[in-house]
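Secondary and tertiary structure notes
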Amino acid sequence: MSIPPRIGFIGLGIMGRAMALNLVKAGFQVSVYNRTRQRTTEFADMGCEVASTPRALAKLSDTVITMVSDPAAMDAVLEGPEGVLGAFSGGNTLINMSTVSCEYTKALAAKCRVAGVNFLDCPVSGSKPAAESGQLVLLAGGDEAVVKKLDPVLKAMGRAVIHAGQPPAGTALKLCVNLVLAHMTTAVAEGAALAEAQGVDPALVFTTLAENPAMNCGYFALKRNNLVNKDYPPAFPLKHMLKDARFMLSEARAKGLELPVTQAVAGLMERSYNSGYGDKDLTVIHRNLTEPLNAAKE
Ligand code: NAP
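Here's a quick rundown of the structure. (Residues numbered from 1 in each chain as written. Predicted model: local features only at pLDDT ≥ 70, side-chain atom pairs only at ≥ 80, totals over all residues. Heavy atoms only, no water.)

1. With respect to the pairing of strand E4 (residues 63–66)
Going residue by residue along E4, you find Thr-63 and Ile-65 tucked away on one face and Val-64 and Thr-66 tucked away on the opposite face as well. Inspection of the sheet shows strand E1 (residues 6–10) paired to E4 by four bridges, in the parallel sense. Its bridge partner being in E4, Ile-10 is matched across the sheet by Thr-66. Of the strand pairs in this sheet, E4 and strand E5 (residues 93–96) are connected by four bridges, and their pairing is parallel. What sits directly across from Thr-66, in E5, is Asn-96. (Buried < 20%, exposed > 50% of the residue type's maximum accessible area, 1.4 Å probe, protein only. Helix = DSSP H or I, 4+ residues; strand = E, 2+ residues; numbered from the N terminus. Pairing = 2+ DSSP bridges.)

The following block contains the structure:
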């Protein structure tokens, strides 16, 4: 990359904050926008320009990265008189790293093509710790040349870039990977709940998994304390995984594929969300499994 791009970063939540900080640390010129302005203060303190609207941010940038919740949040920052797209002209680049639906990604890619904007569909695999340590795996959908050109920017946030094809291939791959993650979460939550119900220390489930080379998995270790201590501080909020599960199911429906286990996992996540746990870590589904048990004990 000859002239480093001026990067505009939108969405300083759990993931976006850590990713934008890594771009700053890598020496890129980064400007930021966040709906809740308070979250921009530490960036202003580091000398980053803080834009008051997404449009103003786009005016300061060659490349805009979005890392917001969902399609509605994407529309809020991209569309309308204060949105990014109205301020972008040919040659600018938009990288979406939020997890949205394949349908949304396809429509956004088409819109960017018409406007002459380079578009990279680039959701991420890895949660808060990987975002903080710059170890995310980036799942890219876009032209090979665009992926290559952006490699230094992407590698400032992640350890690997997997080129999946044209948009929405990055999003499609992300949904497959999150399907596995959703099942793994449910599996350890149910394993821990069954251990407790049988009077076995749930921590021993994790000790056993860790001792077995075929089942020793970093994700289980990452979530162990949540389940053992029944405390679920958000790293990957349940509301976001539920959104992703809905996207998986609608993709499967559209392709005539049945996903019976994912359907059940989504049902459990729905129940947890309806209990008011949407902002907690997705492992909070464990609370829905153990609460009735504890209530029955009282
Ligand atoms: P988060 O902490 O909930 O942050 C969401 C961000 O979106 C915040 O900056 C929020 O702004 C912004 N936002 C939400 N609605 C908006 C709206 N209507 N207009 C403008 N901005 C809006 O989420 P996160 O965990 O960082 O996740 C971000 C994305 O990455 C999601 O798509 C998620 O599925 C995906 N993801 C998350 C993880 C993870 O482990 N957390 C891992 C991989 C992928 P405010 O500050 O104003 O609320």
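2. As for the layout of surface pockets
The probe, sized like a water molecule, is rolled over the atoms to show the empty space still left. Estimated volume of the largest pocket: approximately 1200 Å³. Those elements that provide at least two residues to the lining of the largest pocket are helix H1 (14–25), helix H4 (71–78), strand E7 (124–125), helix H10 (169–197), helix H12 (218–229) and helix H13 (238–254). No other element matches H10, which puts six residues into the lining of the largest pocket. Residue composition of the lining of the largest pocket, by class: 25 nonpolar, 13 polar and nine charged. Looking at which domains feed residues into the lining of the largest pocket, each of domain 1 (6–166) and domain 2 (172–297) supplies at least three. (1 Å grid on protein atoms, 1.4 Å probe; cavity = no way out; pocket = protein on both sides within 12 Å on 5 of 7 lines; lining within 4 Å. Points joined across faces, edges and corners; volume = space filled by probe spheres on them. Nonpolar A, V, L, I, M, F, W, Y, C, P; charged D, E, K, R; others polar. Domains from an automatic or database assignment.)

3. Section: the site of the ligand
Near the ligand there are 26 residues, and of these Asn-34, Thr-36, Arg-39, Ser-127 and Ala-235 occur at the shortest range. The separation between an oxygen atom of the ligand and a polar main-chain atom of Val-68 is 3.2 Å. Note that an oxygen atom of the ligand is positioned 2.6 Å from one of the side-chain N or O atoms of Ser-127. When the free accessible area of the ligand is taken as 910 Å², the share hidden by the protein chains comes to 90%. Of the pockets mapped on this structure, the ligand occupies the largest pocket. When residues of the shell around the ligand are traced back to their parent elements, those giving at least two are H1, H4 and H13. Counted by class, the shell around the ligand contains 12 nonpolar, 10 polar and four charged residues. Looking at which domains feed residues into the shell around the ligand, each of domain 1 (6–166) and domain 2 (172–297) supplies at least three. (Near = heavy atom within 4 Å. Polar contact = N/O pair within 3.5 Å; in protein donor to acceptor, adjacent residues only side chain to side chain. Areas by Shrake-Rupley, 256 points an atom, 1.4 Å probe, with all protein chains shown as cover. Sits in = over half its atoms within 2 Å of the grid points.)

4. Here's the deal with the side chain of Asn-34
Relative to the assigned elements, Asn-34 resides in the loop between strand E2 (29–33) and helix H2 (41–45). Polar contacts involving the side chain of Asn-34 include one to the main-chain amide nitrogen of Leu-12, which spans 2.8 Å. Setting aside its immediate chain neighbours within four residues, Asn-34 contacts Gly-11, Leu-12, Arg-39 and Thr-40. (Contact = heavy atoms within 4.5 Å.)

5. As for the packing of helix H11 (residues 202–211) against H12
Put simply, H11 and H12 touch, their axes get as near as 9 Å, and they point 170 degrees apart. As far as their axial angle goes, H12 and H11 are roughly antiparallel. Judged by residue contacts, Ala-203, Phe-206 and Leu-209 of H11 engage Phe-220, Arg-224, Leu-227 and Val-228 from H12. Residue classes in the contact of H11 with H12 are distributed as six nonpolar, no polar and one charged. (Axes fitted to C-alpha atoms, helices over the stretch in contact; angles between N-to-C directions. Parallel < 35°, antiparallel > 145°, perpendicular 65-115°, else oblique.)

All quantities given are derived from atomic positions and should not be read as evidence of function.
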